[in-house]
Amino acid sequence: GAKSLAQVLVVVPTAQSGRRLRLELARRLGALVPPVVVQGAQLLLSGDEDGLAGRTDEIRAFRAALGEKGTLDMAAQLSDIRGVLGADALSFADVAERIGGILADEETADFEIARWRELAALEERYLAALKAAGKTDRIAKMKATLAAPPVLPGVETVVLACVLDPLPALRRLLATLEARDGIALRE
C-alpha cells in the first residue's frame, strides 16, 4: 500500500516551499499519504481566518484610532511595530505593563513608561476600531492559541523544515504541544 507520513506535521517558511516539499516526497517515494504541511503563522492563527485582520484592516484601524492627526505613514509604522511585537505575541499594553521593571534603573524610564502607556491607550482605540469593522486582532488570536493550543489528532512529530528563525510565539506553542501531547519536535 501507500506509505504514510500523515503522523508528521511539517512547518515550512512559505506556501511555495510546502508545495515543493510535497511534490518532492511524491517524486521520491511514489504513492504516499503526505505529511500535514503548514506555515508557522497558520498554527498560531489557526481557526476562523475570515474575520482575521489583514494589513489593510490594521492600517485603517490605526488611522481611525489616531483621528484627525493620523497619517497613513504613521498608521503603517504603528502596524509595523505591532507586527514586530507580535512575533512574541506581545501588544503595546503588554510592553507598557512590563517596561517599568525592565527600565527601573534607566534615566529615561519615566519617559519610556509614559510613552508606552500612551501607545497602550492608542491600542485600545485601535482594537475598538477593528472590532467595529468585524475583524479579529492577530496578536489577540495568537494569545488565544497559546492559551488553548490546538489539538493535532494523529500528529506524532513536528518538523521545522528550513525555518531558520522561528517566531518566539511559535516556539512556545511547539513546546506546549511537546509537553502536553508528547509530540516530538525535530528541526
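Look up: the structure comes first, before these words.
Only a predicted model underlies this, so the values are computations on that prediction, with no experimental measurement involved. (Residues numbered from 1 in each chain as written. Predicted model: local features only at pLDDT ≥ 70, side-chain atom pairs only at ≥ 80, totals over all residues. Heavy atoms only, no water.)

## Here we look at the overall build of the chain
Heads up, the rule is: Strands are runs of DSSP state E lasting at least 2 residues, helices are runs of H or I lasting at least 4, and numbering of each runs from the N terminus. The buried label goes to any residue with under 20% of its type's maximum accessible area, the exposed label to any with over 50%, and the partly exposed label to all in between, with areas taken from a 1.4 Å probe on protein chains only. Note on contacts: a residue pair qualifies if any of its non-hydrogen atoms lie within 4.5 Å across the two residues. Using a 1.4 Å probe, accessible areas were evaluated by the Shrake-Rupley method; residue-level cover was limited to the displayed protein chains. In this tally Asp and Glu are treated as negative and Lys and Arg as positive; neither His nor the chain ends contributes. By convention, the point assigned to a charge is CZ for Arg, NZ for Lys, CD for Glu and CG for Asp.
Looking only at helices and strands, the chain features 8 helices and 6 strands. Beginning at the N terminus, the succession of helices and strands in the chain can be written as β-β-α-β-β-α-α-α-α-α-α-β-α-β. Its C-alpha atoms give the chain principal-axis dimensions of roughly 65 × 35 × 25 Å. Per-residue burial over the chain gives 41% buried out of 187 residues. Residue pairs in contact within the chain that sit at least 24 positions apart in sequence constitute 74% of those at least 6 positions apart. Put simply, the chain shows about 10900 Å² of open surface, and 55% of that area lies on carbon and sulfur atoms. Between the averaged position of the 24 positive side-chain charges in the chain and that of its 26 negative side-chain charges there is a distance of 9 Å.

## Examining the nonpolar core
Our working rule: We call a set of buried Ala, Val, Leu, Ile, Met, Phe, Trp, Tyr and Cys residues a nonpolar core when their side-chain atoms join them within 4.5 Å.
By size, the foremost hydrophobic cluster in this structure holds 23 residues, and its most contacted members are Phe62, Leu78, Phe92, Trp116 and Leu122. Listed by contribution, the elements that provide at least two residues to this core are α3 (55–66), α4 (72–86), α5 (92–102) and α6 (109–132). For this core, the element with the most residues is α6, which contributes 8 residues. Not counting chain neighbours up to four residues away, the residues in contact with Phe62 comprise Ala75, Leu78, Ser79, Arg82, Phe92, Leu122 and Tyr126.

## Focus: the packing of aromatic side chains
Two measures describe an aromatic ring pair: the distance that separates the ring centres and the angle between the ring planes. Counted only if it meets this: Two rings from Phe, Tyr or Trp (for Trp, the six-membered ring) form a pair when their centres are within 6.5 Å of each other. A pair whose planes differ by under 30 degrees is stacked, one over 60 is edge-to-face, and the rest are tilted.
Here the structure, examined in full by the defined rule, presents 3 aromatic pairs. Geometrically, the ring pair formed by Phe62 and Phe92 is tilted, given 6.4 Å between the ring centres and 45 degrees between the ring planes. Residue Phe62 is located in helix α3, and its partner Phe92 is located in helix α5; the two are separated by 30 residues in the primary sequence. Classification of Phe62 by relative accessible area gives buried; the value is 0%. Ring centres 5.8 Å apart and planes at 70 degrees place the aromatic pair Phe92 and Trp116 in the edge-to-face group. One end of the pair, Phe92, is in helix α5; the other, Trp116, is in helix α6, with 24 residues separating them in the sequence. A single burial state applies to Phe92 and to Trp116, both of which are buried. Ring pairing ties together the aromatic residues Phe62, Phe92, Trp116 and Tyr126, which thus form one cluster.

## Some points on the environment of Ile102
Within the secondary structure, Ile102 sits in helix α5. Each C-alpha atom, one on Ile102 and one on Leu152, is 37 Å from the other, the two residues being 50 residues apart in sequence.

## Brief notes about the sheet that holds strand β5 (residues 157–160)
Each strand in a sheet pairs with another by means of backbone hydrogen bonds, the pair being arranged parallel or else antiparallel. Note the cut-off: Strand pairing follows a simple DSSP-based rule, namely that at least 2 bridges must link the two strands. Helix axes use the C-alpha atoms of the stretch in contact, all axes being lines fitted to C-alpha atoms, and the angles between their N-to-C directions lie in the range 0 to 180 degrees.
An order of β4-β2-β5-β6 is seen for the 4 strands of this open sheet, with the pairing classed as parallel. Since the sheet does not close on itself, it has two edges, and those belong to β4 (36–39) and β6 (184–186), each with one partner. Each neighbouring strand pair of the sheet contributes to a mean axis angle of 20 degrees, computed without reference to strand direction. Where β5 meets β6, 3 bridges bridge the pair, whose relative direction is parallel. Across the sheet, the residue bridging to Val159 is Arg186, located in β6. Packing against the sheet, helix α8 (residues 168–181) makes contact with β2 (8–12), β5 and β6, and its axis sits at approximately 155 degrees to β5.

## Section: helix α7 (residues 138–147)
Keep this limit in mind: Regarding the arc, it is the one traced by the directions from the helix axis to the C-beta atoms.
Among all positions of α7, only Ile139, Met142, Thr145 and Leu146 are buried. Taken end-on, α7 shows its buried residues confined to a sector of 120 degrees, consistent with a single buried face. Among the structural elements, α2 (40–44), α4 and α8 are those in contact with the buried residues of α7.

## A word on unusual backbone geometry
Even without being a glycine, Ala89 presents a positive backbone phi close to 55 degrees. Position of Ala89 among the secondary structure elements: in the loop between α4 and α5. For Ala89, a relative accessible area of 5% gives the class buried. Although it is not a glycine, Cys162 sits at a positive phi angle of roughly 60 degrees. Structurally, the position occupied by Cys162 is in the loop between β5 and α8. The exposure class assigned to Cys162 is exposed, which follows from its relative accessible area of 64%.

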